[in-house]
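Reading the structure
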Amino acid sequence: MNYKTPLPRKSRHARIVHELGTQIVSGHFLPDQRLPPEAQLCEEYQVSRPVLREATRVLVAKGLVRSKPKVGTVVKPRNEWHLLDPDVLHWLLESDSRHSFYETLVKVRNIIEPEVAAMAAANAQPEDVKAIEDAYERMEQAVDIANMAEPDMAFHLSIATATHNELLTHLYSIMLLPVRDYLERSSALFAAGDSLNLLVSRHKAILTAIQHRDPLTARHAAIAQLAGVNDMVAEAFRPQPLSEGEISYDH
């Protein structure tokens, strides 16, 4: 592979990390399998050994591989990957053709998000409530799921900020970002109209509970909102019945 104009060192390094990381989490390289030799990867990516080794160190830090002299770089078992690393989360969802990892992530979100809403209702300051209100108003103006993704993200992150628990806010934001990216990329599958209106109204219930400093109602409103999202996702990704004349080759 040749480039007319060599990419900057940082860009080449980022490309190697992204492509090897994606190949690892997608199963192209299996646990305990060695990555191709340094010389081969250097040739493939048209980089020097120092650039490749810098990229390898990033993958080591993310728990995806181990690297030893005379052994090479070996893929680690999945249970040793740093699943809360934002890049690892992104790569897992990007390669999640059957949506199984998305479902795993949503189950964790279902545990955390109601408690985040309850804590926000108990701890929110006036400026926190204003930020949540502003995000909600932008959600109301969205014409479809894709346009609602950004204000929806702002809405939930503002609620997390309102807990005034920086560790919980950080953990929640790491988890929420790839979920939003995944839903935004899949937005064409979701129905509009009534589904969108119902989704917005369920967010309004969370906002109202926070405005009234009502943790119990905020928790239940968040549970209802998540159930609505889960139903939309299940419907969007449900296998469609075959039309007359089509043959299924799945076994």
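Scoring rules and cut-offs
Within any chain, residue numbers begin from 1 and follow the written order of that chain's sequence. Thresholds applied to this predicted model are a pLDDT of at least 70 for local features of residues and 80 or more for the giving and counting of side-chain atom pairs; totals over whole chains, interfaces and linings are not thresholded and use all residues. Excluded from the side-chain calculations are hydrogens and water; all other atoms, namely the structure's heavy atoms, are used. Under the scheme used here, helices are H or I runs from DSSP no shorter than 4 residues and strands are E runs no shorter than 2 residues, and both carry numbers assigned from the N terminus. Any helix carries an expected span of 1.5 Å times its number of residues minus one. Type-normalised accessible area, obtained with a 1.4 Å probe on protein chains alone, sets the label of each residue: buried when under 20%, exposed when over 50%, and partly exposed for intermediate values. The arc in question is formed by the directions pointing from the helix axis toward the C-beta atoms. Put simply, the grid is 1 Å and covers the protein atoms alone, a cavity is a trapped set of points that fit a 1.4 Å probe, a pocket is an open set with protein on both sides within 12 Å along at least five of seven lines, and lining residues have an atom within 4 Å of a point. Grid points are joined across faces, edges and corners, and a volume is the space filled by probe spheres set on the points. Side-chain classes are defined by residue name, with Ala, Val, Leu, Ile, Met, Phe, Trp, Tyr, Cys and Pro counting as nonpolar, Asp, Glu, Lys and Arg as charged, and the others, Gly among them, as polar. Centre distance within 6.5 Å is the pairing criterion for rings of Phe, Tyr and Trp, where only the six-membered ring of Trp is used; planes under 30 degrees apart are then read as stacked, over 60 as edge-to-face, and the remainder as tilted. In plain words, nonpolar cores are sets of buried Ala, Val, Leu, Ile, Met, Phe, Trp, Tyr and Cys residues tied together by side-chain atoms within 4.5 Å. An automatic or database domain assignment provides the domain bounds reported here.

The chain goes by DNA-binding transcriptional regulator, FadR family in an unreviewed UniProt entry, where it is assigned to Pseudomonas oryzihabitans.

**Quick word on helix H3 (residues 49-61)**
With 13 residues, H3 extends 18 Å between its outermost C-alpha atoms, agreeing within 8% with the 18 Å of an ideal straight helix rising 1.5 Å per residue. Of all the residues in H3, the buried ones are Val51, Leu52, Ala55, Thr56 and Leu59. The arc that holds every buried residue of H3, seen down its axis, measures 135°, which confines them to one face. Summarising the geometry of H3, the exposed residues directed more than 90 degrees from the buried face are Arg57 and Ala61.

**Structural notes on the layout of surface pockets**
As a volume, the largest pocket reaches approximately 230 Å³. Along its surface, the largest pocket is lined by 16 residues, and Glu38, Thr56, Ser67, Gly72 and Thr73 are the ones closest to its centre. Counting residues per element, the ones that place at least two in the lining of the largest pocket are helix H2 (38-45), H3 and strand E2 (72-75). Among the elements that take part in the lining of the largest pocket, H3 stands out by supplying 5 residues, more than any other. In terms of residue class, the lining of the largest pocket is made up of 8 nonpolar, 4 polar and 4 charged.

**Details of the packing of aromatic side chains**
All told, the structure shown has 1 aromatic pair when counted by the stated rule. Ring geometry for Tyr136 against Phe155: centres 6.5 Å apart, planes inclined by 55°, an arrangement best described as tilted. In this pair, Tyr136 is assigned in helix H6 (residues 126-140) and Phe155 in helix H7 (residues 145-161), connecting sequence segments 19 residues apart. Neither residue differs from the other here; Tyr136 and Phe155 are each classed as buried.

**Section: empty space enclosed by the protein**
Under the defined criterion, the tally for this structure stands at 2 cavities of 30 Å³ or more. Reported here for the second largest cavity is a volume of approximately 40 Å³. Looking at the second largest cavity, the residues that line it are Glu113, Val116, Ala117, His156, Ile159, Tyr172, Ile206 and Ala222. For the lining of the second largest cavity, the elements supplying multiple residues, two or more each, are helix H5 (100-123) and H7. Per element, the largest residue contribution to the lining of the second largest cavity is 3 residues, and it comes from H5.

**Quick word on the nonpolar core**
If you look at the biggest cluster of nonpolar residues, it comprises 65 residues, and the most contacted ones within it are Leu64, Phe155 and Ile210. Per-element tally for this core: the top contributor is H5, with 9 residues. Two domains each put at least three residues into this core: domain 1 (10-78) and domain 2 (95-235).

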